[in-house]
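In case you want the letters, here they are:
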Amino acid sequence: MASLQESLNSFKKQQEKCQSTPMSKSIAGSKTIVKTATPANTSTELSSPSFKFPNDTKRLQSINNIRKSPIEAQIYRVIDLLFKKRQSFTAEQINEACYVDVKGNKAVFQSLANNSKVNYDGKRFSYKLKYNVREKKELLSLIQTFAEGISVADLKDAYPTIVEDLQALKAGREIWLLSNPDSKEDIAYSNDPQVPFKVDDELKHLFRGIELPHDILEIELDLQKNGMKPATNAANRRVMAQNGNICNKPKQKKKKKVEINKCTKLTNTHLPELFRNLNG
């Protein structure tokens, strides 16, 4: 860290020196001589009024821009590092990894230590997970503990491939992913019938208080208005019935044949059926 800070300080001094270097011009005859200040560590005379920066100029400029950026942008940069690495970092390690000077910038330090997505134990910073799950089996067990459902938004930062695991559990019919019409977010529900859940009394009252139409045709129209496809087609059946295309005759039951073999034990109930089969 010390070497990085020294490089930055040297870079700033060189920029200031380059901008404030006086240039003297003397005209002798038709020749013009331009004197330009050169760095102390180089003996090469420059033929033009330009300054030679170190080879890591671009990196130092990038670091300087990061540290001059708004605090929110620097905090986002650190949280992104903690989220991707899933490791604990000291202030010095954060500085080396993403060039945010947490230790030297009091405002950045306080904002990061108090951030809801960051754990700070007094020495190291780490990403704070809402639910500590690491693979698909643990994810399914977690969802099964929430009978009322769990927000997918609260799960997404648990581990990198969690979205793929949610889709795999859905494809295997182990969970349901339903959209919340209010928040427009997906809610994960367990599809295990053995998982107990409680239905709110108010919801029961609302469900039982719904009065359904007596005519099945009205029910089908209401379903269609709400974007659902009815399983029946009452209108079509009524048209067919009026045209006489529907046969209302009851289906005839198939006669059971009784086979006689050595293991068959004839009783009073078997004999009438046996005679009918023989006469038929």
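Source: prediction; values computed, not measured. (Residues numbered from 1 in each chain as written. Predicted model: local features only at pLDDT ≥ 70, side-chain atom pairs only at ≥ 80, totals over all residues. Heavy atoms only, no water.)

**What to know about the overall build of the protein chain**
Line of reasoning, step 1. The number of helices and strands found in the protein chain is 11 helices and 7 strands.
Line of reasoning, step 2. Long-range contacts, defined as pairs at least 24 residues apart, comprise 48% of the intrachain contacts of the protein chain with a sequence gap of at least 6.
Line of reasoning, step 3. Element-wise, carbon and sulfur atoms account for 52% of the exposed surface of the protein chain, whose accessible area totals about 21900 Å². (Helix = DSSP H or I, 4+ residues; strand = E, 2+ residues; numbered from the N terminus. Contact = heavy atoms within 4.5 Å. Areas by Shrake-Rupley, 256 points an atom, 1.4 Å probe, with all protein chains shown as cover.)

**A closer look at the sheet that holds strand S6 (residues 175–179)**
Line of reasoning, step 1. Judged by pairing direction, the sheet is antiparallel, and its 3 strands sit side by side in the order S5-S7-S6 without closing on themselves. The open sheet is flanked by strand S5 (150–151) and S6, the only strands paired with a single partner.
Line of reasoning, step 2. Pairing between S5 and strand S7 (residues 186–190): 2 bridges, direction antiparallel. Along S7, the bridge assignment pairs Ser 151 with Ile 187. (Pairing = 2+ DSSP bridges.)

**A short note on the environment of Ile 71**
Line of reasoning, step 1. In this structure, Ile 71 sits in helix H3 (residues 71–85).
Line of reasoning, step 2. Apart from the residues within four sequence positions on either side, Ile 71 is in contact with Ala 107, Val 108 and Ser 111.

**Quick look at the pattern of salt bridges**
Line of reasoning, step 1. If you walk through the whole model with that rule in mind, you get 7 salt bridges.
Line of reasoning, step 2. A salt bridge links Lys 130 to Asp 154; its shortest N-O distance comes to 3.2 Å. Taken as a pair, Lys 130 in the loop between strand S4 (125–127) and helix H6 (136–144) and Asp 154 in the loop between S5 and helix H7 (162–171) lie far apart in primary sequence, 24 residues in all.
Line of reasoning, step 3. With a closest N to O distance of 4.0 Å, Asp 201 and Lys 204 form a salt bridge. (Salt bridge = Lys/Arg side-chain N within 4 Å of Asp/Glu carboxyl O.)

**As for the environment of Lys 117**
Line of reasoning, step 1. Mapping Lys 117 onto the fold places it in the loop between helix H5 (106–113) and strand S3 (118–120).
Line of reasoning, step 2. Assessed through its relative accessible area of 36%, Lys 117 is described here as partly exposed.
Line of reasoning, step 3. Sequence spacing of Lys 117 and Leu 82 is 35 residues, and the spatial spacing of their C-alpha atoms is 9.6 Å.
Line of reasoning, step 4. Excluding anything up to four places from it in sequence, Lys 117 contacts Ile 79, Ser 126, Tyr 127, Lys 128 and Asp 157.
Line of reasoning, step 5. At 3.0 Å, the side chain of Lys 117 forms a polar contact with the side chain of Asp 157. (Buried < 20%, exposed > 50% of the residue type's maximum accessible area, 1.4 Å probe, protein only. Polar contact = N/O pair within 3.5 Å; in protein donor to acceptor, adjacent residues only side chain to side chain.)

**What to know about H3**
Line of reasoning, step 1. Across its 15 residues, H3 extends 21 Å between first and last C-alpha, which sits within 8% of the 21 Å expected from 1.5 Å per residue.
Line of reasoning, step 2. Positive phi appears at Arg 86, one or two residues downstream of H3, with a value of about 55°. (Expected span 1.5 Å × (residues − 1).)

**Side note on the packing of H3 against helix H4 (residues 91–98)**
Line of reasoning, step 1. Closest axis-to-axis distance for the H3/H4 pair is 11 Å, and the angle between their directions is 95°. Compared by their axis directions, H3 and H4 come out roughly perpendicular. From H3, Arg 77, Val 78 and Leu 81 reach across to H4, where they touch Ile 94, Ala 97 and Cys 98.
Line of reasoning, step 2. For the contact of H3 with H4, the class distribution of residues is 5 nonpolar, no polar and 1 charged. (Axes fitted to C-alpha atoms, helices over the stretch in contact; angles between N-to-C directions. Parallel < 35°, antiparallel > 145°, perpendicular 65-115°, else oblique. Nonpolar A, V, L, I, M, F, W, Y, C, P; charged D, E, K, R; others polar.)

**Section: the pairing of S7**
Line of reasoning, step 1. Pairing analysis gives 5 bridges linking S6 to S7, with the strands arranged antiparallel. Looking at S7, one finds that Leu 178 is bridged to Ile 187.

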